[in-house]
Amino acid sequence: MLGAIEAGGTKFVCAVGDEKGTIIERIQIPTTIPEKTMKEVIAFFQKYEVDAIGIGSFGPIDVNKESPTYGYITSTPKTAWKDYPFIQTMKDAFSVPIGFNTDVNAAALGEATLGAAKGLDSCLYITVGTGIGAGALVQGKLLQGLSHPEMGHTFVRRHPNDSYDGTCPYHKDCLEGLAAGPGIEARWGEKGIDLSERSEVWELEGYYIAQALMQYILIISPKKIILGGGVMKQKQVFPFIYKHLTELMNHYVDLPELTDYIVSPGLGDDAGITGSLLLAYEALQQD
Ligand code: ADP
Ligand code: ZN
């Protein structure tokens, strides 16, 4: 029996299941303060005999096993969770191996093992939601270096008619600042879900996402690109992404058919929690 936590800024999903992605039971817990949220997380897993637990967490987090703060949530703007020892808290409650990575790296692992990139040793998983984040599997391994990737904060060229400042507290008009859900809402004055009929919204969204994808393709050369998160439920963005990416790339890199190459998650909203089960499985095997 494996345990999994998909720790998000608004909610935690906890599940028990196996490495085939079968989920036996799951719950959702609102993300409030660690004392409250983690108490409920621990109470959930105490009902089971789990052999390992995988955590896919919002970040930034410390994923460097050599670091004294390995397993911490680090400089998050959610102040109650800043410098929070996530792994240690779980270890104190359960003496089992703990896998730990970003929510989007977990989702990339889930999609590469059981979802839209099944069988591939390379993929990119991008979420466009409250923020924009990406995880990558490169040559069969989750991408990590100095720390984990932060691809949502790359810069894009502004559309000449877009005068919106951008919401990113660090960079204003990075990709996340311009194209995540809160940026869409602030620019257009309505939530994305209520803007479905306005094609100019999704054309601009596609314009920005395509630029970022071009950079990611040039740098990482993923075999599959998976776009998840709330904003990507607006499926009409995809054709705009294909159009702008084709123009930008200008045949420089030979890409597969874009409708096969850039897709929605095969695991739907379960990419992150399924990937977290797989992180648990990895931790168990490495133990
Ligand atoms: P989170 O990123 O917090 O895990 P989501 O991926 O649901 O959660 O992202 C939430 C953001 O996405 C909000 O800004 C919300 O307005 C936007 N969003 C959620 N669902 C939709 C939708 N169906 N269409 C457009 N925007 C959406
Ligand atoms: Zn930024």
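Owing to the predicted nature of the structure, the values given are computational and were not obtained by experimental measurement. All chains use their own residue numbering, which begins from 1 and follows the written sequence. Both sets of labels track the order of writing: A upward for chains, 1 upward for ligands. Selection of residues for local features in this predicted model requires a pLDDT of at least 70, selection of side-chain atom pairs for listing and counting requires 80 or more, and totals for whole chains, interfaces and linings are taken over all residues. As a rule here, side-chain values cover all heavy atoms of the structure and leave hydrogens and water aside.

Let us look at the packing of helix α1 (residues 34-45) against helix α2 (residues 86-93). Here an angle of 0 to 180 degrees is reported between the N-to-C directions of two axes, which are lines fitted to C-alpha atoms, with helices fitted over the stretch in contact. Working definition: helices are DSSP H or I runs of at least four residues, strands are E runs of at least two. Numbering for both runs from the N terminus. The interhelical angle for the contact between α1 and α2, taken along N-to-C directions, is 40 degrees, at an axis separation of 11 Å. Judged on the interaxial angle alone, α2 and α1 are oblique. You can see that α1 and α2 cross each other, and the crossing is right-handed. Along the contact surface, α1 presents M38, V41, I42 and F45, while α2 presents F86, T89, M90 and A93. Each residue gets one of three labels, nonpolar for Ala, Val, Leu, Ile, Met, Phe, Trp, Tyr, Cys and Pro, charged for Asp, Glu, Lys and Arg, and polar for the others, Gly among them. Taken together, the residues of the contact of α1 with α2 sort by class into seven nonpolar, one polar and no charged. When describing relative orientation, an angle under 35 degrees is termed roughly parallel and one over 145 degrees roughly antiparallel, while 65 to 115 degrees is termed roughly perpendicular and anything else oblique. For any pair of crossing helices, the crossing counts as left-handed if the nearer helix is rotated counterclockwise from the farther one by less than a right angle, and right-handed if it is rotated clockwise. We call two residues in contact whenever any of their non-hydrogen atoms come within 4.5 Å of each other.

Surrounding ligand 1, one finds T10, G129, T130, G181, P182, G192, I193, G229, G230, V231, K233 and Q234. Counting of polar contacts relies on pairs of N or O atoms within 3.5 Å, with two restrictions inside protein: one atom must be capable of donating a hydrogen and the other of accepting it, and residues adjacent in sequence are counted only when both atoms are side-chain atoms. In this structure, T130 approaches ligand 1 through a side-chain N or O atom, which is 2.6 Å from an oxygen atom. The contact in question runs from an oxygen atom of ligand 1 to an N or O atom on the backbone of G230, over 2.8 Å. Proximity is defined per residue: any heavy atom of the residue falling within 4 Å of a molecule or strand makes that residue near it.

Take the packing of aromatic side chains next. Side-chain rings of Phe, Tyr and Trp, where Trp is taken by its six-membered ring, are said to pair if the distance between their centres is within 6.5 Å; with planes under 30 degrees apart they count as stacked, over 60 as edge-to-face, and otherwise as tilted. According to the stated counting rule, one finds 12 aromatic pairs in the structure shown. Residues F44 and F45 carry aromatic rings whose centres are separated by 5.1 Å and whose planes lie at 75 degrees to one another, so their mutual orientation is edge-to-face. In this scheme, a residue with accessible area under 20% of its type's maximum is buried, one over 50% is exposed, and one in between is partly exposed, where area comes from a 1.4 Å probe on protein chains only. Relative accessible area serves as the criterion here: at 3%, F44 is assigned to the buried category. For the ring pair F238 and Y242, a centre distance of 6.3 Å and an interplane angle of 50 degrees mean the geometry is tilted. With F238 and Y242 both in helix α7 (residues 237-249) and four residues apart, this pair spans about one turn of that helix. Under the relative-accessibility criterion, F238 is labelled buried at 5%. Owing to a relative accessible area of 16%, Y242 belongs among the buried residues under this scheme.

Using a grid of 1 Å spacing that covers the protein atoms alone, one calls a set of points a cavity when a 1.4 Å probe fits there but cannot get out, and a pocket when the set is open and has protein on both sides within 12 Å along at least five of seven lines; lining residues are those with an atom within 4 Å of a point. Grid points are joined across faces, edges and corners, and a volume is the space filled by probe spheres set on the points. Size it by volume and the second largest pocket reaches roughly 470 Å³. Lining the second largest pocket we find 19 residues, and of these K65, F100, N101, E282 and Q286 sit closest to its centre. Residue assignment for the lining of the second largest pocket shows that the elements contributing at least two residues are β7 (98-102), β10 (141-142) and α9 (271-286). Residue composition of the lining of the second largest pocket, grouped by class: 10 nonpolar, five polar and four charged. As annotated, the domain borders come from an automatic or database domain assignment. Domain assignment of the residues forming the lining of the second largest pocket places at least three in each of domain 1 (2-105 + 269-286) and domain 2 (119-264).

Moving on, we get to the nonpolar core. Remark: nonpolar core denotes a set of buried residues (Ala, Val, Leu, Ile, Met, Phe, Trp, Tyr, Cys) joined through side-chain atoms within 4.5 Å. Within the largest apolar cluster, 41 residues are counted, with the highest numbers of intra-cluster contacts made by I126, L213, L227 and I262. Mapped by element, the contributors of at least two residues to this core are β8 (123-128), β9 (132-138), α4 (175-179), α6 (199-220), β11 (225-228), α7 and α8 (258-261). Ranked by residues supplied to this core, first place goes to α6 with 13 residues. Not counting residues within four places of it along the chain, the set of residues in contact with L213 comprises I126, I225, L227, I241 and I262. Within the second largest apolar cluster, 28 residues are counted, among which are V41, I42, F45 and F100.

A few words on the coordination of the zinc ion (ligand 2). Note that water is not among the atoms used; donors are N, O and S atoms within 2.8 Å of the metal (3.2 Å for Na, K and Ca), so sites may look incomplete. Taken together, the protein ligands of the zinc ion (ligand 2) are H153 (ND1), C168 (SG), H171 (ND1) and C174 (SG), with distances of 2.1 to 2.3 Å. Seen from the zinc ion (ligand 2), its four donor atoms lie at angles of 101 to 121 degrees, and the figure they make is tetrahedral. Positions of the donor residues of the zinc ion (ligand 2) along the chain correspond to the pattern H-x14-C-x2-H-x2-C. H171 gets classed as partly exposed once you look at its relative accessible area, which sits at 31%. A four-donor site is classed as tetrahedral when every donor-metal-donor angle falls between 85 and 135 degrees; four donors are called square planar, and six octahedral, when trans pairs exceed 155 degrees and all remaining angles lie between 65 and 115, with any other arrangement labelled irregular.

Bringing the domain arrangement of the chain into the picture now. For the chain, the domain assignment lists domain 1 (2-105 + 269-286) and domain 2 (119-264). If you look at the interface, domain 1 gives 12 residues, while domain 2 gives 15 residues. Buried area between domain 1 and domain 2, summed over both chains or domains, comes out near 1100 Å², and the portion from carbon and sulfur atoms is 55%. Should a side-chain nitrogen of Lys or Arg be within 4 Å of a carboxyl oxygen of Asp or Glu, the pair is scored as a salt bridge. Applying the counting rule to domain 1 against domain 2 returns one salt bridge. Across the pair K233 and D269 runs a salt bridge whose closest N-O atoms are separated by 3.3 Å. If you look at where domain 1 meets domain 2, you find five residue pairs in polar contact (both at pLDDT 80 or more). Within the residue set of the side of domain 1 that touches domain 2, elements represented by two or more residues are β7, α3 (103-114) and α9. Buried area, as used here, totals the accessible surface that two parts lose on assembly, with accessibility defined by a 1.4 Å probe and the loss added over both.

What follows is about α7. Take the number of residues in a helix, subtract one, and multiply by 1.5 Å to get its expected span. Over its 13 residues, α7 runs 18 Å from end to end, which matches the ideal 18 Å to within 8%, given 1.5 Å per residue. Within the sequence span of α7, burial applies to V237, F238, F240, I241, Y242, H244, L245 and M249. Buried-residue contacts for α7 involve α6, β11, α8 and β12 (262-263). N250 sits one or two positions beyond α7 and adopts a positive phi of about 50 degrees.

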